[in-house]
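Survey of secondary and tertiary structure
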Amino acid sequence: MTNYRWGGYLLIAIGLLNLRYQTGEPGVLTHSLIILSPGVLVLIMTVIPATVKILNTKGAKMISIVVGVATIIYSGIN
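Here goes a summary of the coordinates provided. (Residues numbered from 1 in each chain as written. Predicted model: local features only at pLDDT ≥ 70, side-chain atom pairs only at ≥ 80, totals over all residues. Heavy atoms only, no water.)

Topic: the layout of surface pockets
Here the largest pocket is characterised by a volume of approximately 530 Å³. As for the largest pocket, its lining consists of 22 residues, of which Tyr4, Val42, Lys61, Ser64 and Ile65 are closest to the centre. Top contributing element to the lining of the largest pocket by residue count: helix α4 (residues 58-77), with nine residues. Classifying every residue of the lining of the largest pocket gives 15 nonpolar, six polar and one charged. (1 Å grid on protein atoms, 1.4 Å probe; cavity = no way out; pocket = protein on both sides within 12 Å on 5 of 7 lines; lining within 4 Å. Points joined across faces, edges and corners; volume = space filled by probe spheres on them. Helix = DSSP H or I, 4+ residues; strand = E, 2+ residues; numbered from the N terminus. Nonpolar A, V, L, I, M, F, W, Y, C, P; charged D, E, K, R; others polar.)

This is the structure in structure tokens:
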């Protein structure tokens, strides 16, 4: 679960940095929420026992890696 939490914190930090440094740009709140949402969702899922079991499956690990990398790439392009 530690890796999931680190990833969640990473996405939250990137989303908040995006919000701060692009203040004044059109649509910055929408772009920042797109980056923040997966991070918050992952953090919430790591504290609920039923979802922890789901996160420990191989499929969930691959999906979370793909979504995390795609979100980081999106934040770089944005």
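Observations concerning the environment of leucine 11
Relative to the elements of secondary structure, leucine 11 occurs in helix α1 (residues 2-21). On the basis of relative accessibility, which here comes to 7%, the residue leucine 11 falls in the buried class. Sequence-distant contacts of leucine 11, defined by excluding residues within four places in its chain, comprise Ile35, Leu36, Pro38, Gly39, Gly68, Thr71 and Ile72. (Buried < 20%, exposed > 50% of the residue type's maximum accessible area, 1.4 Å probe, protein only. Contact = heavy atoms within 4.5 Å.)

Thoughts on helix α2 (residues 28-45)
Relative to the 26 Å expected for 18 residues at 1.5 Å per residue, α2 spans 26 Å between its end C-alpha atoms, a close match to the ideal helical length. Along α2, the positions that sit buried rather than exposed are Val28, Ser32, Ile35, Leu36, Pro38, Gly39, Val42 and Leu43. In this structure, the buried residues of α2 make contact with α1 and α4. (Expected span 1.5 Å × (residues − 1).)

Some words on α4
Relative to the 28 Å expected for 20 residues at 1.5 Å per residue, α4 spans 29 Å between its end C-alpha atoms, a close match to the ideal helical length. Considered for burial, the residues of α4 that qualify are Ala60, Gly68, Thr71 and Ser75. Each buried residue of α4 lies within a common arc of 65° when the element is viewed along its axis, so the set occupies one face. Residues of α4 that are exposed and angled more than 90 degrees away from the buried face: Lys58, Ile65, Val66, Gly76 and Ile77. Among the structural elements, α1, α2 and α3 (49-55) are those in contact with the buried residues of α4. (Arc of directions from axis to C-beta.)

Fair warning: the whole summary comes from geometry, so function is off the table for now.
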